[in-house]
Amino acid sequence: MSAQRDRWVSSFFFLLFCASSIPTRGSARLLQELSPQEYFSSLQPGRASLAYFSHNVSPGAQPFLEQIENSAEALQDYGISVMKVNCPKEDVSRYCGKENAIRKAYLFRGSMLIREFPTDALFDVNSIVANVLFALLFNEVKYVETLADLHNIENALKGKSNMVFAYVPATGTAEHRAVMEAAFVYGTVHQFVLTTEAALLKDTGNDEPDVSSARLLFCHCQQATDPAQPCRRTAMEQALTMLNIHRHLKLMGAPLVTEVAEDPEKVSTIHLQLGLPLVFILSQKETYEADRRTAEFVAWQLLGKAGVALLSRDLVNLNILLRSNVALKTPDEGVPIKYLVLEDTGEVITLVEDKNKVEQIQEDEEEEDEEDKENNDQDIQDDQVVEAVSRDKKRELPLEQILVLTEDTFHSALLETARTVVLFYASWEAVSLAVLQSYTEVASHLKGTGGVLLSRLNCWDWPGVCTKENVTQFPTIKIYEKGERSVMYDGMWGTEELTSFIMLSRVSCPLKLATIEEAEGYLRGELPSELSSYHHTSVLGVFSTATSEAREAFEEAGNILSGHVTMGMYFEDDALALSRKYAVSPPALLLARSGSQSVEGIGLSKQSVQDMVQMIRYASLDIFPEITVQNLPHFLQLRKPFLILFSDGDISQMESEEMLKLAKGRTRQALVACWLNLKRTPVGRGVLKAYFATVPSLPVLVWVNLHAGGQVFKFPAEQTIAEPNILSWLEKLKAGLEIPSSTLSEEDWKPPLPAYDFLQMMEKAVPEVPLHTSHHHRDTPARHPPESSGGDVTVREEPSQDTKAEKVGSPGRDLRGTAPRLAAREKQGRRHSEL
């Protein structure tokens, strides 16, 4: 019914506009001249007529009579006839008898007099049409003089109907006529309110209104169901003409946001038909609710200026949609759709209001592409991570296996699977984007693994969630177990390390063993087959009934180390027999290293949780490890001198045996014995150059203390690498009898430029919009992770506590969920100093 009415209104207005555009010819034929008797006998019930009674037309009345004749055709379009009634000289009736009576025009509906108009008030066609329609539309158009009257009408309409409020400087003007003609057509759909009081304009939001110009506002009262909620108002920015008002009301009646699921080139809306652009906000199913709110926010800002549509990437198979988050379609024929990457809703609004903005954005993107191609020295990054991400920024990541979380879906997603892995990141920050690439590789490796869900949450879009989850740095990875507890990862960001952490965290830590047979099998490495490639050292805690305090500390240490080591626990009655087999007494640790047939027993003299964590972490390290970029931070954390055997390839069996004997001996507590393969870890050549200026002949054995003094000693090349020779050399070093080959600078290794305080930048980005609160998993006091250049792998357990979710009305100003998969907040191809 509503659509049928709208079509009728549009058709009527079109015909009315066409009729008013046709040059007037012979309008005098529409002005009938009748006697009083003929006039009153011709009146029909419900039909309006405007009559002018006169005897002989005086020269002073001639201009008025001409305007009456000119208005006859315009009034006839509204079913109003115009009559000139010739009064006989002897007629002394009400309308013909008195001199002042014939200086008036009379409006009748049927035989009932509606209004008397002084002829000086009907001075032209506009004033005649405006005043006549105003009188006839008494119920459809309310005239107000005070702000209280306006608010009373507004409150009465809330939840029922919308209001069209018009201000005209004076009645009888062309603007007054346009409002009345619109009310004649739309008066049954909207409540029209008219005023000539300039003071009422201040209530529309104009502190210093231009009282000489007419204004029209559409008041959205139908949506204001709360009596205390004011009606939204959308001003018409064009001049008050009949066609502009019709256009404005059509736009106000269109859907706020149109959802489309087809090629944007094929989409047509009322906005495009009326000559306005159409803005597409690109969405996806994971962030639909947030994108819908963003689209509605943009639509309210652009109401009357442009249309807004929500376009789903999931339903339209266009590659360009994956590289953009906003599209702009203009009503111009043959102009292609512009696909853009914008940062916030403010840019979308500017895009519509400033037509030059589109060209500027596209020019910036073209310049950025040219800079990437040129790759000159001025654009080389001072940060290698930033440079790498910038180089690969056009690479499309396969993110289909990673669930996108929002403030609406975060809490429910944690309860859907046994373990939910969440990557908290910022879509514009280089390290986050680099880790996101590793994260996609992890998702590929774990595809099909039951009980594990990989997800990601953009902290730039949802800072409230990240605040509640105690995320204080980007990126951060946490594993949630069915809402009971969470474990935070603070290790290396490589694919292998992340995958190992996720897989090992699936095993209970510590794993409680019920029989000696299970304990022996555990020490032999009998774990689920899918964990075999991630298993390195098995740690078994053996406790008697009298060592409950140590057992509790061991369990707590297992919670902290979950994902990094495999830990078992045996505390049955026969625990003493098991420990004696390996020459220790409870409480004790039994270590079975991967690839070794022996089991090492260690007594637990210290029983605090932190001491036990440090002991297990140290005991789990390889005795004579090959140093790599990935494991170096673990050994740096020990803060011991390094005895490194540099080799151009694998070391010989003899060298390996001699170094292993040394590592297992009394020197183990004093230093880290290790080796480095320059073929697998080429950065070792740079290390040697820093030590000796040039790379010496290999293999070479080096002693260096990075934590005290920085002295570098080179093992004599004429001596063979054997345990006695090395021990003798180490004694000389201890006695100060050897001269260092070099001494490293004590200057700290810091980044070339100071780091950004990203969280502070995010808060300042949109200061007028409060941070979103959200569904959250727990509320814990903020704790900052320790800073360590060594990258110590630490994991914190955080208690779970459900709290009530809070909501705020504003969707914010960011394009949440709509950013392309590798779009950065800032251009990554710039130096820090230029950002």
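Examining the overall build of the protein chain
Each helix and strand counted, the protein chain has 25 helices and 31 strands in total. Within the protein chain, buried positions represent 49% of all 835 residues. Long-range contacts, defined here as pairs at least 24 residues apart, represent 75% of the contacts in the protein chain between residues at least 6 apart. About 41,100 Å² of surface is accessible on the protein chain, with carbon and sulfur atoms providing 49% of the total.

Focus on the pattern of salt bridges
Applying the stated criterion to the full structure yields 16 salt bridges. The partner of Lys305 in a salt bridge is Glu237, with the nearest N and O atoms 3.6 Å apart. Taken together, the residues span a long stretch of sequence, with Lys305 in the loop between helix H9 (288–301) and strand S13 (307–312) and Glu237 in the loop between strand S10 (232–235) and helix H7 (242–253) at a distance of 68 residues. Using a relative accessible area of 25% as the deciding quantity, one classes Lys305 as partly exposed.

Observations concerning the nonpolar core
Residues Leu50, Leu75, Ile80, Val132, Val141, Phe192 and Ile245 are the most contacted members of the largest nonpolar core, which totals 51 residues. Aside from chain neighbours lying at most four places away, what touches Val132 is Leu50, Leu75, Ile80, Leu107 and Phe117.

Observations regarding the environment of Met236
Inspection of the secondary structure assignment puts Met236 in the loop between S10 and H7. For the pair Met236 and Gly304, spaced 68 residues apart in sequence, the C-alpha separation works out to 7.3 Å. Residues in contact with Met236, not counting those within four places in the same chain, are Leu216, Asn244, Ile245 and His248.

Things to note about the pairing of strand S9 (residues 215–220)
The element S9 is largely enclosed, with a buried count of 5 among its 6 residues. When strand S7 (residues 163–167) meets S9, the two strands line up antiparallel, connected through 5 bridges. Bridge pairing in S9 places Phe165 opposite Leu217. Two elements, S9 and S10, share 4 bridges in a ladder whose sense is antiparallel. Note on S10: the bridge partner recorded for Leu217 is Ala235.

Here's the deal with the environment of Ala546
Looking at the secondary structure, you find Ala546 in the loop between strand S22 (537–542) and helix H18 (548–561). The exposure class assigned to Ala546 is exposed, which follows from its relative accessible area of 69%. Residues Ala546 and Pro587 lie 41 residues apart in sequence; the distance between their C-alpha atoms is 9.1 Å.

Here we look at helix H22 (residues 653–664)
Taking 1.5 Å as the rise per residue, H22 with 12 residues should run 16 Å; its terminal C-alpha atoms sit 16 Å apart, in good agreement. Every buried residue of H22 is accounted for by Glu655, Glu658, Met659, Leu662 and Ala663. Buried residues of H22 fall within an arc of 135° about the axis and therefore sit on the same side. Among the exposed residues of H22, those oriented more than 90 degrees off its buried face are Gln653 and Lys664. For H22, the secondary structure elements touched by its buried residues are strand S26 (642–647), strand S27 (672–677), strand S28 (700–704) and helix H24 (723–735).

Regarding the packing of aromatic side chains
Inspection of the entire model under this criterion finds 21 aromatic pairs. Consider the rings of Tyr95 and Tyr106, whose centres lie 4.9 Å apart with planes at 80°: the pair is edge-to-face. Pair noted here: Tyr95 is in the loop between strand S3 (80–86) and strand S4 (104–109) and Tyr106 is in strand S4, with a separation of 11 residues, a long-range link. A relative accessible area of 10% means that Tyr95 is categorised as buried. We classify Tyr106 as buried; its relative accessible area is 3%. Here the guanidinium or amino end of Arg232 rests over the ring plane of Trp300, the centre of that ring lying 4.0 Å away. Here Lys714 stacks its cationic end above the ring of Phe692, 5.9 Å away from the centre of that ring.

So, the state of the cysteines
All chains considered together, the criterion is met by 3 disulfides. Each sulfur of the disulfide joining Cys221 and Cys231 lies 2.4 Å from the other. Of note, the bridge from Cys221 to Cys231 carries an S-S torsion of about 115° and is right-handed in sense. Of this pair, Cys221 sits in the loop between S9 and S10 while Cys231 sits in the loop between S9 and S10; the two residues are 10 residues apart in sequence, bridging distant segments of the chain. Across the pair, exposure class does not vary: Cys221 and Cys231 are buried alike. Sequential numbering of the bridged cysteines in the protein chain gives the disulfide pattern 1-2, 3-4, 5-6. Cys219 carries a free sulfur, and the closest cysteine sulfur to it, the one in Cys221, is 5.4 Å from it.

Re the pairing of strand S23 (residues 566–570)
With respect to burial, S23 is a largely interior element, 5 of its 5 residues being buried. Going residue by residue along S23, you find Thr566, Gly568 and Tyr570 tucked away on one face and Met567 and Met569 tucked away on the opposite face as well. One ladder, built from 2 bridges, connects strand S21 (residues 511–512) with S23; its direction is parallel. By the bridge assignment, Lys512 is partnered in S23 with Met569. Bridging between S22 and S23 involves 5 bridges; their strand directions are parallel. Counterpart to Val539 in the pairing with S23 is Met567. In this fold, S22 hands off to H18, which returns the chain to S23; that crossover is right-handed.

Definitions and limits used
Residues numbered from 1 in each chain as written. Predicted model: local features only at pLDDT ≥ 70, side-chain atom pairs only at ≥ 80, totals over all residues. Heavy atoms only, no water. Helix = DSSP H or I, 4+ residues; strand = E, 2+ residues; numbered from the N terminus. Buried < 20%, exposed > 50% of the residue type's maximum accessible area, 1.4 Å probe, protein only. Contact = heavy atoms within 4.5 Å. Areas by Shrake-Rupley, 256 points an atom, 1.4 Å probe, with all protein chains shown as cover. Salt bridge = Lys/Arg side-chain N within 4 Å of Asp/Glu carboxyl O. Core = buried A, V, L, I, M, F, W, Y, C linked by side-chain atoms within 4.5 Å. Pairing = 2+ DSSP bridges. Expected span 1.5 Å × (residues − 1). Arc of directions from axis to C-beta. Phe/Tyr/Trp six-rings, centres within 6.5 Å; stacked < 30°, edge-to-face > 60°. Lys NZ or Arg CZ within 6 Å of the ring centre and 35° of its normal. Disulfide = S-S within 2.5 Å. Right-handed = clockwise from strand over helix to strand, strands pointing away.

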